[in-house]
Each structure stands twice: as structure tokens, then as C-alpha cells.
Amino acid sequence: MKTIKQLSIFLENKAGRLVEILGALKAENIEIQAAAVADTNDFGILRLITSNQTKAQELLAAKGILVSMNEIMAIEVNSDTTSFTDAVDKLTKGGVNISYLYTFQKDGKLVLIIRADNLEQAEKVCEQSGLALIQGWE
């Protein structure tokens, strides 16, 4: 399957917690490629794609930080609203339920990071509709 790894990190809503996690990664020269935070009143989930997912997961777990690794898809589209909308429309019409999505820019393109309820179906829809899946991160 054409997926990539993403770290999901439990993040307590208290001052300095995010800096602590980022500092630990910085100290080990682990670069952040993409990040998103979803939060509630009591906690958040920090989602990261890094230059070394396995090393980052092991490092954070050793520090007692709750972290898990998930499979997600990265879809590259042109950096405009039409391309973004078309990609989401193709996935939706193909029966893919997107649990969450975030984006970042890379080399003048927009990369959609999606967590889908059925990654196999999402991959099939991408291939059938000509959406470019990114591979190559750890």
C-alpha cells in the first residue's frame, strides 16, 4: 500500500509541553516535515511527519510521552483551491470517509495529508482518478 507514517502524540494542554516535545526532536536533529495540532480543553493531539519517524517515536516514548505511529496518505496536487477541492471530491465520491486532513506546501505543490477510514479504498480511488500519492518518507 502507498502510505506513509505519521506520529500521533498525546499533548497535555499546559504551558511548555509542545516546546518540550519539539526540543527533544531538535536535540536529536530530527526535522519536522509537517505538523498539525487538534485540541480539546484538556489535551491535544500533535500529528507529525518527521525526517525519521522510528527514531522520533522511540525518543519520545523513552521520555514517557504517549506516541503512536499511524498509516496515512499524502496526495500531491497543484497549489490552488480548485485542485484541493477536486481531490477531496474524488475521494468522497469514491466512497472514502476522511477522518482528518491537513496540508503543507512542498516544491510549489500542495500536499494533502489524509487519514481515511479505508486506506485501501483511498489508494484505489487515487490510482483510478489520477491523484498522485507521495511515497518515500520512512
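For the structure given in this document, a descriptive report is provided here.

Basis of the calculations
One numbering rule holds for all chains: residues counted from 1, following each sequence as written. Per-residue local features of the predicted model are confined to residues with pLDDT of at least 70, and side-chain atom pairs are confined, for both listing and counting, to 80 or more; whole-chain, interface and lining totals are unaffected and use all residues. Where side-chain values are given, they derive from all heavy atoms of the structure, hydrogens and water being excluded. Put simply, DSSP marks the helices as runs of H or I at least four residues long and the strands as runs of E at least two long, and each gets a number from the N terminus on. Each residue is assigned to one of three classes by its accessible area relative to the maximum for its type, calculated with a 1.4 Å probe on protein chains only: buried under 20%, partly exposed between the two thresholds, exposed over 50%. The criterion for strand pairing is that DSSP finds at least two bridges linking the strands in question. An expected span of 1.5 Å times one less than the residue number is assigned to each helix. This arc is taken over the directions from the axis of the helix to the C-beta atoms. Two residues form a contact once any of their heavy atoms are found within 4.5 Å. A 3.5 Å cut-off defines polar contacts: any pair of N or O atoms within that distance qualifies, except that in protein one atom must be a possible hydrogen donor and the other a possible acceptor, and neighbouring residues in sequence count only when both atoms are side-chain atoms.

1. Here we look at unusual backbone geometry
Okay, step 1: Phi at Asn-29 is positive, roughly 60°, even though this residue is not glycine.
Okay, step 2: The residue Asn-29 is located in the loop between α1 (17–27) and β2 (32–39) in this model.
Okay, step 3: The backbone phi angle of Asp-107 is positive, close to 50°, even though this residue is not glycine.
Okay, step 4: The class for Asp-107 is exposed, based on a relative accessible area of 73%.

2. Overview of the pairing of strand β1 (residues 4–12)
Along a regular strand, successive side chains alternate from one face of the sheet to the other.
Okay, step 1: Where β1 and strand β4 (residues 67–78) come together, six bridges link them in antiparallel fashion. Bridge pairing in β4 links Leu-7 to Met-69.

3. Remarks on helix α3 (residues 81–93)
Okay, step 1: In this model α3 runs 18 Å from its N-terminal to its C-terminal C-alpha over 13 residues, within 8% of the 18 Å that 1.5 Å per residue would give.
Okay, step 2: Within α3, burial applies to Ser-83, Ala-87 and Leu-91. Angular distribution of buried residues about the axis of α3 spans 70°; they occupy a single face of the element. Turned more than 90 degrees off the buried face of α3, the exposed positions are Thr-81, Thr-82 and Lys-93.
Okay, step 3: Those residues of α3 hidden inside the fold are in contact with β4, β5 (98–106), β6 (109–116) and α4 (119–129).
Okay, step 4: The N-terminus of α3 is capped by Asp-80, whose side-chain oxygen sits 3.1 Å from the backbone nitrogen of Thr-82.
Okay, step 5: Of the residues flanking the end of α3, it is Gly-95, one or two places downstream, whose phi is positive at about 85°.

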